[in-house]
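Coordinate inspection notes
Letter by letter, the chains look like this.
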Amino acid sequence: NADVNNIEMLSSRMLSDLLIQIVTVIITAVILIQINPVIFWFMLLIYPILIAIQIFFNKKIMGQSRKVMGKMDIGNGLIKEFVSNLYEYLALNGRNYYIDKFCRNETSLRNEILKQNMLMAYNRSVPQLISTATFLIVLAISGVMVINGQVQFGELTVIIMYTQRMFNPLSSIMLVIGQFQKAKVSMDRINEIVG
């Protein structure tokens, strides 16, 4: 069920948002290059850094998702085993079985889920931090251009607006790409069962 829910969430909610965000970034980039090519090229240099960070987090998220799903499978298997052998476990040593195997696995599963949630949070926070720092640098560069008379104050306002418009969708894109990793693990697991 968790695998199907991961895939359903990605396909029904996030793919359309991803497409909208990508189109927004492209249109904004085309407009921004017309307004101020210096700012555009500076921002474009930041994108490879964000992509490298996303690749790093994608690998971590995929590995952590595999661990979480594996622990869930173990827990489900232990429940099935316990139920199928309930009489023997109760008569022999059911309490120790439950405490030794199931509770230990559940504790480990919760720890892995916590690690996965932290990775997903970092996946959102680090690109936002870089985007904010980049925005502040663009603001400083544009401010100096206004002071030197290279850019009008109205242009500064437009540059700021389009800079934000270019980076805000990027955070959403990074989040969806992180969800892709969880969904890929889920698809692999479903294919193992079906195939």
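Look a little higher up for the structure.
Description of the structure in this document. Since the model is a prediction, treat every value here as computed from it, not as a measurement.

Quick notes on the overall build of the protein chain
- A count of helices and strands for the protein chain gives 5 helices and 0 strands.
- The helix and strand sequence of the protein chain, counted from the amino end, reads α-α-α-α-α.
- Within the protein chain, contacts between residues separated by at least 24 positions form 85% of all contacts whose residues are at least 6 apart in sequence.
- For the protein chain, the exposed surface amounts to about 11500 Å²; the carbon and sulfur share of it is 66%.

Digging into the nonpolar core
- The biggest cluster of nonpolar side chains holds 28 residues, and the ones touching the most others in it are Leu32, Met43, Leu50, Met166 and Phe167.
- Looking at this core, the elements with two or more residues in it are α1 (2-35), α2 (37-84), α4 (94-147) and α5 (153-194).
- No other element matches the 9 residues that α2 contributes to this core.
- Those residues in contact with Leu32 that lie beyond four places of it in its chain are Pro37, Ile39, Phe40, Met43, Tyr162 and Met166.

Section: the environment of Ile20
- Along the chain, Ile20 falls in helix α1.
- For Ile20, a relative accessible area of 53% gives the class exposed.
- Expressed as a C-alpha distance, the spacing of Ile20 and Ile173, which sit 153 residues apart in the sequence, is 9.6 Å.

What about the packing of aromatic side chains?
- Applying the stated criterion across every chain, the model contains 2 aromatic pairs.
- Note on Phe40 and Trp41: the rings are 5.0 Å apart at their centroids and 75° apart in plane angle, and the pair reads as edge-to-face.
- Between Phe56 and Phe57, the aromatic rings sit 5.3 Å apart at their centres with planes inclined by 70°, giving edge-to-face as the arrangement.
- For Phe57, a relative accessible area of 7% corresponds to the buried category.

Rules used in this analysis
Residues numbered from 1 in each chain as written. Predicted model: local features only at pLDDT ≥ 70, side-chain atom pairs only at ≥ 80, totals over all residues. Heavy atoms only, no water. Helix = DSSP H or I, 4+ residues; strand = E, 2+ residues; numbered from the N terminus. Contact = heavy atoms within 4.5 Å. Areas by Shrake-Rupley, 256 points an atom, 1.4 Å probe, with all protein chains shown as cover. Core = buried A, V, L, I, M, F, W, Y, C linked by side-chain atoms within 4.5 Å. Buried < 20%, exposed > 50% of the residue type's maximum accessible area, 1.4 Å probe, protein only. Phe/Tyr/Trp six-rings, centres within 6.5 Å; stacked < 30°, edge-to-face > 60°.

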